[in-house]
Amino acid sequence: MSLKKHIPILMLIVLLAGGSYLRIANIGKYSFWTDEFFAVYAAKSYMSENSFYVPYEGEHPYRKLVVYITGYMFKAFGESEASARMPFAIANILFIILFYLFLSKMFSRRMSIVVCFIIAFSPLFIQMSRECRSYTLHQLFYFLSATLFFIGFEYKENNKVIK
């Protein structure tokens, strides 16, 4: 086997390692901030009383998926900043992997590595993934729905989805 054929995969592994480190290292170092508190209090309320109560606001029925994920992470790993934020960092890492797979099928491996490099080391993407908020889930689910929509249009009679 040629080493040249495996270079994009090795580069992707390096990108994922660096991007994962930037997303996960010291993820629980800083305390929750304003908007994260809504999900945290609602998650605590959901796990103890099966409601979405937030102090000074009452019921907080927004971003239920974030509340469910945060609540179950609290139940599994204890109430901490790291356990609340970790699933959103993982969702962003999963986004990078899926984006690479999609782009490498649509275009070229080289182009998909460049785009994944930009995503993996973008301060905006890193910051979004280090918060207990719905941004990374929106990003992941929007990408999945757009990809499936595209695949639906590109589906051929011979059952090949993408070349």
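Above: the structure in question.
Residues numbered from 1 in each chain as written. Predicted model: local features only at pLDDT ≥ 70, side-chain atom pairs only at ≥ 80, totals over all residues. Heavy atoms only, no water.

1. So, unusual backbone geometry
Link 1 in the chain: Notably, asparagine 50 is not glycine yet its phi reads approximately 60°, a positive angle.
Link 2 in the chain: For asparagine 50, the location among the structural elements is in the loop between α2 (34-49) and β1 (53-54).
Link 3 in the chain: Using a relative accessible area of 58% as the deciding quantity, one classes asparagine 50 as exposed.
Link 4 in the chain: The phi torsion at arginine 63 lies on the positive side, around 50°, for a residue other than glycine.
Link 5 in the chain: Along the chain, arginine 63 falls in the loop between β2 (58-59) and α3 (64-77).
Link 6 in the chain: For arginine 63, a relative accessible area of 33% corresponds to the partly exposed category. (Helix = DSSP H or I, 4+ residues; strand = E, 2+ residues; numbered from the N terminus. Buried < 20%, exposed > 50% of the residue type's maximum accessible area, 1.4 Å probe, protein only.)

2. Details of the side chain of serine 83
Link 1 in the chain: You can see serine 83 is positioned in helix α4 (residues 81-106).
Link 2 in the chain: Of note is the side chain of serine 83, whose polar atom sits 2.6 Å from the backbone oxygen of glycine 78.
Link 3 in the chain: Apart from residues lying up to four places away in sequence, serine 83 is in contact with Met73, Phe74, Phe77 and Gly78. (Polar contact = N/O pair within 3.5 Å; in protein donor to acceptor, adjacent residues only side chain to side chain. Contact = heavy atoms within 4.5 Å.)

3. A few points about the environment of phenylalanine 99
Link 1 in the chain: Mapped onto the elements of the fold, phenylalanine 99 is located in helix α4.
Link 2 in the chain: On a C-alpha basis, the gap between phenylalanine 99 and cysteine 116 in space is 7.4 Å, while along the polypeptide they are 17 residues apart.
Link 3 in the chain: Setting aside its immediate chain neighbours within four residues, phenylalanine 99 contacts Val115, Cys116, Ile119 and Phe143.

4. Examining helix α1 (residues 3-24)
Link 1 in the chain: With 22 residues, α1 ought to run about 32 Å at 1.5 Å a step, and its terminal C-alpha atoms sit 31 Å apart, in line with that.
Link 2 in the chain: For α1, the full list of buried residues reads Pro8, Leu12, Leu15, Leu16, Gly19, Ser20 and Arg23.
Link 3 in the chain: The secondary structure elements touched by the buried residues of α1 are α4, α5 (109-121) and α6 (123-129).
Link 4 in the chain: One or two residues past the end of α1 sits asparagine 26, with phi positive at roughly 55°. (Expected span 1.5 Å × (residues − 1).)

5. A word on the packing of α2 against α3
Link 1 in the chain: Contact geometry for α2 and α3: axes closest at 8 Å, N-to-C directions at 65°. Here α2 lies roughly perpendicular to α3, going by the angle between them. At the point where α2 passes α3, the crossing takes the right-handed sense. Each of Ala39, Val40, Ala42, Ala43, Lys44, Tyr46 and Met47 in α2 lies in contact with α3, whose residues at this interface are Val66, Val67, Tyr68, Thr70, Gly71, Tyr72, Phe74 and Lys75.
Link 2 in the chain: Within the contact of α2 with α3, the residues separate by chemical class into eleven nonpolar, two polar and two charged. (Axes fitted to C-alpha atoms, helices over the stretch in contact; angles between N-to-C directions. Parallel < 35°, antiparallel > 145°, perpendicular 65-115°, else oblique. Left-handed = near helix turned anticlockwise from the far one by under 90°. Nonpolar A, V, L, I, M, F, W, Y, C, P; charged D, E, K, R; others polar.)

Such coordinate-based values are descriptive only and should not be taken to indicate function.
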